[in-house]
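Reading the structure
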Amino acid sequence: MNCTQAIEYIHSLEKFGIKPGLERIRALCELLGNPQDKLKVIHVAGTNGKGSTSTMISNILIKNGFRTGLYISPYVTDFRERIQFNGNMIEHSELAECVEKVKEAVEILLEKGEQTTEFEALTATAFLYYAKKECDFVVLEVGLGGRFDATNVIKAPFVSVIASISLDHINILGDTVEKIAAEKCGIIKFGGETVVYPFQQDGVMNVINETCKSRMNSIRIPDVSKLTIGKESVEGTRVNFDGIDYLLPFAGEHMIYNSVTAIEAIRSLRRFGIEISEDIIASGIESSVMPARMELIRKKPIIILDGGHNEGCANALSGFIRKHLTGKRIIMVSSMMADKDYESYLRLVAPFADVFIATKADVPRALSSDDLSAAAHKYCAETFSFESPVKALTAARNILESDDVLIVCGSFYLAGEIREELLNF
């Protein structure tokens, strides 16, 4: 098996969909020798910001010299982005080697009538790889929910982290933020410490407090009274938190709070005698890069790429536009999934567009460009439809002037398809 075959095999399991529950991943890991039990984990759940929070935590650990694994989703341009070691994607040969072992275990389970899902197989692959690499720490981002997510097969983590929680995947996780919070809090295990994003809705915070109390967890929340926000721009933000200066290479106010959540997660390790200097923390954050998360692709004209798709992401993007791009002509290129709440997203984002160009990412779940254009037209007078993302981008290029802003948004699938082209815009 080579790397391409390994990825094709993992994707072939997609047809079995999402099946919440830990029975299959437990059985799979058991056949593989329970590699997850050899790992020291920082476990990160939430609706928005868990990827950037995980990346910052990982980078800080790497800067301190720890052998560090990072497991995140989704990927943007390369499938191997999902499994990283010391800031680099898993090697082609090692992905193939680990997937081959997982495939053997999957086939044994299939003979017993148990069908492994795509995410379960990928998670087991990551566990095998990180155990082989003898990681000092693994920063493990939850895929969906928390309680029944495949990553939750781990034993008690060193730190549990709850990023910002809002409505998403309501058909699976529940139709209220309280129900969704209960699922996310499923990663909290007895006797630990839980770090929490500082601005949660009251209902969410009530669930977190109750869960931590019942599982004897202490709660650590960044003290935003010790946070001073300095110069902000589309390129990033300077802040002072608890007397320490930080340069955040991310745009958007929400990224400031994701950053202080990551800092608190690192500080939580002091319970185990792990001291990481403030200089290393600052260096780790400053060196963090997250493609398609309010990513500044170009400065003139300004080009922003953002793959966020839910209401929380829409609030973050609209807040960023309001703060930094007021008065500029905005051309928006967007694709969204038909099974997402695209109406809520458009209600918050599309009114900022002077021109809205709808397109369709190359995935079956994508909403047609005509339907997206019609939905956006409620909020933007000038809308266009191009099924091809390349044609949509060409149309945007033809009308984009040097003082305009191009925002490509609404889907990580779209971001992955056209990021390279944007970089060469």
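In what follows, the structure referred to is the one given above.
These lines cover the structure that appears in this document, whether it is placed above or below. Remember, it's a predicted structure, so these values are computed and weren't measured experimentally.

**Structural notes on the sheet that holds strand β1 (residues 41-45)**
Strand order in this open sheet of eight strands is β4-β3-β2-β5-β1-β6-β7-β8, and the pairing throughout is mixed. Both edges of this open sheet fall to β4 (88-89) and β8 (218-220), since each of them pairs with a single strand only.

**Considering helix α13 (residues 369-376)**
Every buried residue belonging to α13 is among Ser369, Leu372, Ser373, Ala375 and Ala376, and all of these are buried. The buried residues of α13 occupy an angular sector of 160° when projected down its axis, which confines them to one face. Against β14 (330-334), α12 (342-349), β15 (355-358) and β16 (383-385) lie the buried residues of α13.

**Concerning the nonpolar core**
Core analysis: the biggest nonpolar cluster contains 41 residues, and Ile25, Leu28, Tyr71, Ile83, Leu95, Val102 and Tyr130 have the highest contact counts within it. Listed by contribution, the elements that provide at least two residues to this core are α1 (3-12), α2 (23-31), β3 (83-85), α4 (92-111), α5 (118-132) and β5 (137-141). Of the residues forming this core, the biggest block, 10 residues, is contributed by α5. In terms of nonpolar packing, the next biggest core, distinct from the first, is built from 37 residues, Ala265, Ile274, Ile276 and Ile285 among them.

**Some details on the layout of surface pockets**
Any empty space left between the atoms is revealed when a probe the size of a water molecule rolls over them. The calculated volume of the second largest pocket comes to roughly 370 Å³. In this structure, the second largest pocket is lined by 20 residues; those nearest its centre are Thr55, Gln84, Gly87, Val289 and Pro291. Mapped by element, the contributors of at least two residues to the lining of the second largest pocket are α3 (50-63) and β4. Take the lining of the second largest pocket: its biggest share by element is five residues, from α3. Its residues assigned to classes, the lining of the second largest pocket shows eight nonpolar, eight polar and four charged.

**Concerning the sheet that holds strand β9 (residues 227-233)**
Taken together, the three strands give an open sheet; going across it, the order is β9-β10-β11, and neighbouring strands pair in antiparallel fashion. Edge strands, defined here as strands with exactly one partner in the open sheet, are β9 and β11 (244-248). In this sheet, neighbouring strand axes are inclined to one another by 15° on average, regardless of whether the strands run parallel or antiparallel. In the sheet, β9 pairs with strand β10 (residues 236-241) via five bridges, with the strands oriented antiparallel. When the sheet's bridge partners are listed, Glu232 is paired in β10 with Thr237.

**Some thoughts on the side chain of Ser58**
Its place among the elements puts Ser58 in helix α3. The residues touching Ser58, leaving out its near neighbours within four places in the chain, are Thr68, Leu70 and Val139.

How each quantity is defined
Residues numbered from 1 in each chain as written. Predicted model: local features only at pLDDT ≥ 70, side-chain atom pairs only at ≥ 80, totals over all residues. Heavy atoms only, no water. Pairing = 2+ DSSP bridges. Helix = DSSP H or I, 4+ residues; strand = E, 2+ residues; numbered from the N terminus. Buried < 20%, exposed > 50% of the residue type's maximum accessible area, 1.4 Å probe, protein only. Arc of directions from axis to C-beta. Contact = heavy atoms within 4.5 Å. Core = buried A, V, L, I, M, F, W, Y, C linked by side-chain atoms within 4.5 Å. 1 Å grid on protein atoms, 1.4 Å probe; cavity = no way out; pocket = protein on both sides within 12 Å on 5 of 7 lines; lining within 4 Å. Points joined across faces, edges and corners; volume = space filled by probe spheres on them. Nonpolar A, V, L, I, M, F, W, Y, C, P; charged D, E, K, R; others polar. Axes fitted to C-alpha atoms, helices over the stretch in contact; angles between N-to-C directions.

By themselves these figures say nothing about function.
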